[in-house]
Amino acid sequence: MRGRTDLAVEMKEDIKGDEPITGVHLMTKNHGDTDVKETRIIVENEEGALKLGKPVGTYITLESEHFREQDEGIHAPMMEVLCKEIRQLIGNKKKIMVAGLGNREVTPDALGPFVIDNLYVTRHLLKEGIIRESVELSAIAPGVMAQTGMESLTVLKALVDSIKPELLIVIDALAARESDRLNKTIQIADTGITPGSGVGNHRNAINKESIGVPVIAIGVPTVIAVPTIVNDAMDVMVNALGKQATKNVLKKFNDEERYQLACEMVTPYLENMFVTPKDIDEAVKRISYTISEAINKAVLA
């Protein structure tokens, strides 16, 4: 364990060695002449789920160095790849609800609500006869318990029971273990989501078992734990000092011991603190638009 993460690809990296893992399959590919890299992890059974620490299902990670850039044209390849993945997961379903999880007032956690702002919802247009041929798309940003006094699951379950969509898509900000993955990575999973798990703030899981319909989760890592940064900085510091004796000492620690050392190097307050890049305001707005455009195109085109 090298720190908290919501990303299946990072949890796979915790498992040492190149030998195949029973019940877990990993495939990687690059998309055409773009820089979008796809890592697909399929957890086939409970044995694989236990080893990986993720429920049985499919986890798709899309990464692009250009995704951090402010040029909106750079985001087109990621949007197209994401659209294709969403379309395959949706299949022929015609009634879809999208939920933007998170707190709109806290920028690193505002990804979900911002995605909802840019969706082309059609449910009301179909009900009023303004349009006739379209997938029924509805959307909600349920807020967080501190704002509403209710679990997101409670709100969404009531809406699903009332509106009866065939599929729920949830959008949420995630935590990463590698700082290089912040704001350039998108994870898609067909297993639902446990909001806040990456930052140690576990809420009730939103999945097919709890909601009653299939749940697709789309997330972007926007925060990283302070001890994880300290852990990474130890290597940089030792290399800069060139102290071979110190390097030899660090080599004696396994990943879990190194992370525990990093936790002990910071105060208890900092141990539970998460940080985010300084350009997070612009990044969340830009990324949320990319995701909303991918959903619009996948559902309605």
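For the structure itself, consult the block above.
Just so it is clear, the model here is predicted, and its values are computed rather than measured.

(A) View of the pattern of salt bridges. Throughout the structure, instances matching the rule amount to 13 salt bridges. Residues joined by salt bridges that share partners form a network here, namely Glu10, Glu13, Glu63 and Arg181.

(B) Expanded view of helix H3 (residues 76–90). Along its 15 residues, H3 runs 21 Å from first to last C-alpha, staying within 8% of the 21 Å computed at 1.5 Å per residue. Just downstream of H3 lies Gly91, where phi reads positive at about 65°.

(C) Focus on the nonpolar core. If you look at the biggest cluster of nonpolar residues, it comprises 39 residues, and the most contacted ones within it are Ile218, Ile291 and Ile295. Elements with a contribution of two residues or more to this core: strand E3 (57–63), H3, strand E4 (95–100), helix H4 (111–117), strand E6 (167–176), strand E7 (185–189), strand E8 (215–225) and helix H13 (280–300). If you tally residues by element for this core, the top one is H13, at nine residues. Non-local contacts of Ile218, meaning those with residues more than four positions away in its chain, are made with Ile86, Ile169, Val170, Ile171, Asp172, Ile186, Gln187, Ile188, Ile291 and Ile295. Counting residues in hydrophobic clusters, the runner-up holds 31 residues, among them Ala8, Val9, Leu168 and Ala217.

(D) Broad picture of the side chain of Asn183. With respect to the element layout, Asn183 can be found in the loop between E6 and E7. By relative accessible area, Asn183 is classed as buried at 4%. In contact with Asn183, not counting residues within four places along its chain, are Phe67, Arg68, Val220, Pro221, Thr222, Pro277, Asp279, Ile280, Ala283 and Ile287.

Procedures and definitions
- Residues numbered from 1 in each chain as written.
- Predicted model: local features only at pLDDT ≥ 70, side-chain atom pairs only at ≥ 80, totals over all residues.
- Heavy atoms only, no water.
- Salt bridge = Lys/Arg side-chain N within 4 Å of Asp/Glu carboxyl O.
- Helix = DSSP H or I, 4+ residues; strand = E, 2+ residues; numbered from the N terminus.
- Expected span 1.5 Å × (residues − 1).
- Core = buried A, V, L, I, M, F, W, Y, C linked by side-chain atoms within 4.5 Å.
- Buried < 20%, exposed > 50% of the residue type's maximum accessible area, 1.4 Å probe, protein only.
- Contact = heavy atoms within 4.5 Å.

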